[in-house]
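Results of the structural survey
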Amino acid sequence: MALGTLNYSRMSDLAYQELRDAILSGQLAPAARLNQDELARRLGVSRAPVRDALNRLEAEGLVKTLSRTGGVVVAEASEQEMVGIYELRAILDAASTRLACERMSDEDLARLRGIVEETARVTEANDSQAIVQAHAQFHYLIYAACGNPELTRVAQNLWDRSYRYRVLALGSADNARRGLAQHRAILAALESRDPHRAFAAAEEHDQASIRHLRGWMQPGEGHRQPGPVEGAVDSTHAGGLS
C-alpha cells in the first residue's frame, strides 16, 4: 500500500473520530449544519477526509443529508433511537456484569467502590460534568473486568452512542440520585459474587433509563433534545474541534 494511501486513511479516521466525539459530547448540537470547508479548516485536513468521515457518520445515524438542499446536519436525537440503543445496552450490560461478577479481581472491586464513593460525592455537589464522567468510569471498569474483549468492544461503542442521552438523563438531580442507587445495587451484587442478582440489577439500570428518558422526550411540555454539559467530554474522548 502506498504511503499516501496510508496517510489519507489516517486523516479520514482522525476526522471521523473528532467529528463523532464532538457530536456525542454535544459540542456539535443536534440540527447544526456541517459545512465541509469549515470543518476541514478547523481540523487541519482537506475536504476529502471530512467527506469520508461524514459518510461514515451518516451510516451510523449521527448525521443526515437534507434531501432538498444536499446539506449535512447533525441528526436530532429521537425516542426511537434512544430505545434501540438502551434495549441493546440492557442486554450487553447485563451480560458483561454477570461475567464481571465471576471474573472481577478484588483490586477491581476496590476500584469500583472508590468510583461509587466519588459518584456519591459529585452527585451531592450536583456537578453535572463530574457525574457524567463518574458514571462512564463505573461502566467502563465493569466492561474491562468481564474478560471478553469482543463484548467489551461492542459495549463500549454502544456506550459512546448513548452519550447524549446520558447527558440528558443525568442532568436531572433526582435521576442522578436514582442512577447512583442503581450503581450501588450493582456493586453490592458484585461484592456478593451473585451473578444472577448482578445480571438483574444491570438490566434494570438500563430499563429505568428508558422509562425516564421517554418521559423527557415525549412531545409537548418538557420535551428536550440532549445537549452538552458545560466542559463535558467523556473520559474516552480526548480530542475536540478547536
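Definitions and cut-offs
Residues numbered from 1 in each chain as written. Predicted model: local features only at pLDDT ≥ 70, side-chain atom pairs only at ≥ 80, totals over all residues. Heavy atoms only, no water. Helix = DSSP H or I, 4+ residues; strand = E, 2+ residues; numbered from the N terminus. Buried < 20%, exposed > 50% of the residue type's maximum accessible area, 1.4 Å probe, protein only. Contact = heavy atoms within 4.5 Å. Areas by Shrake-Rupley, 256 points an atom, 1.4 Å probe, with all protein chains shown as cover. Axes fitted to C-alpha atoms, helices over the stretch in contact; angles between N-to-C directions. Parallel < 35°, antiparallel > 145°, perpendicular 65-115°, else oblique. Left-handed = near helix turned anticlockwise from the far one by under 90°. Nonpolar A, V, L, I, M, F, W, Y, C, P; charged D, E, K, R; others polar. Polar contact = N/O pair within 3.5 Å; in protein donor to acceptor, adjacent residues only side chain to side chain. Salt bridge = Lys/Arg side-chain N within 4 Å of Asp/Glu carboxyl O. Core = buried A, V, L, I, M, F, W, Y, C linked by side-chain atoms within 4.5 Å. Expected span 1.5 Å × (residues − 1).

This part takes up the overall build of the chain. Helices and strands together make up the secondary structure of the chain, namely 10 helices and 2 strands. Along its sequence from the N terminus, the chain presents helices and strands in the succession α-α-α-β-β-α-α-α-α-α-α-α. The buried share of the chain, reckoned over its 242 residues, is 47%. In the chain, the share of contacts with a sequence separation of at least 24, taken over all contacts with a separation of at least 6, comes to 77%. Of the roughly 11800 Å² that the chain leaves accessible, carbon and sulfur atoms contribute 49%.

With that settled, consider the packing of helix 5 (residues 106–124) against helix 9 (residues 173–191). Relative orientation of the contacting elements helix 5 and helix 9 amounts to 165°, with a least axis distance of 10 Å. Considering the angle they form, helix 5 stands roughly antiparallel to helix 9. Helix 9 is crossed by helix 5, and the crossing has left-handed handedness. Packed against helix 5, whose contacting residues are Leu-109, Leu-112, Arg-113, Val-116, Thr-119, Ala-120 and Thr-123, the element helix 9 presents Ala-176, Arg-177, Leu-180, Arg-184, Leu-187, Leu-190 and Glu-191 at the interface. Split by residue class, the contact of helix 5 with helix 9 holds 8 nonpolar, 2 polar and 4 charged.

Take Gln-156: it is sitting in helix 7 (residues 149–161). Separated by 20 residues in the primary sequence, Gln-156 and Ala-136 have C-alpha atoms spaced 9.8 Å apart.

As for its placement among the helices and strands, Arg-166 is situated in helix 8 (residues 163–170). What makes Arg-166 buried here is its relative accessible area of 4%. Side-chain polar atoms of Arg-166 contact the backbone oxygen of Trp-159, separated by 2.9 Å.

What follows covers unusual backbone geometry. Here Asn-126, not a glycine, exhibits a phi torsion of approximately 55°, which is positive. Mapped onto the elements of the fold, Asn-126 is located in the loop between helix 5 and helix 6 (128–145). Residue Arg-193 is not a glycine yet carries a positive backbone phi of 55°. One can find Arg-193 in the loop between helix 9 and helix 10 (195–217). The exposure class assigned to Arg-193 is partly exposed, which follows from its relative accessible area of 32%.

Looking now at the pattern of salt bridges. In the structure shown here, the tally under the stated rule is 18 salt bridges. Residue Arg-113 pairs with Glu-191 through a salt bridge whose shortest N-O separation is 2.4 Å. In this pair, Arg-113 sits in helix 5 while Glu-191 sits in helix 9, placing the two residues 78 residues apart along the sequence. For Glu-191, a relative accessible area of 36% puts it in the partly exposed group. Here the residues in one salt-bridge network are Arg-20, Glu-60 and Asp-160, joined through shared partners.

In this structure, Leu-19, Ile-23, Leu-28, Leu-34, Leu-54 and Leu-57 are the most contacted members of the largest nonpolar core, which totals 29 residues. Of all the secondary-structure elements, those providing two or more residues to this core are helix 1 (3–24), helix 2 (36–43), helix 3 (47–59), strand 2 (72–74), helix 6 and helix 8. Broken down by element, the residue count for this core peaks at 6 residues, all from helix 1. Other than its neighbours up to four places away in sequence, Leu-28 contacts Leu-19, Ala-22, Ile-23, Leu-34, Val-74 and Leu-241. Within the second largest apolar cluster, 22 residues are counted, among which are Leu-92, Ala-95, Trp-159 and Ala-169.

Moving on, we get to the packing of helix 6 against helix 7. Their axes nearest at 9 Å, the elements helix 6 and helix 7 cross at an angle of 165°. What the angle tells us is that helix 6 and helix 7 run roughly antiparallel. Here helix 6 and helix 7 pass one another in a crossing that is right-handed. Along the contact surface, helix 6 presents His-135, Ala-136, His-139, Tyr-140, Tyr-143 and Ala-144, while helix 7 presents Thr-152, Ala-155, Gln-156, Trp-159 and Asp-160. Classifying every residue of the contact of helix 6 with helix 7 by side-chain character gives 6 nonpolar, 4 polar and 1 charged.

Under the 1.5 Å per step criterion, the end-to-end length of helix 10 is 33 Å for 23 residues, consistent within 8% with the ideal 33 Å. Among all positions of helix 10, only Ala-198, Ala-201, Ala-202, His-205, Asp-206, Ala-208, Ser-209, Ile-210, His-212, Leu-213 and Met-217 are buried. Contacts made by the buried residues of helix 10 are with helix 4 (79–103), helix 6, helix 8 and helix 9. The backbone nitrogen of His-196 lies 3.3 Å from a side-chain oxygen of the residue at the head of helix 10, namely Asp-194.

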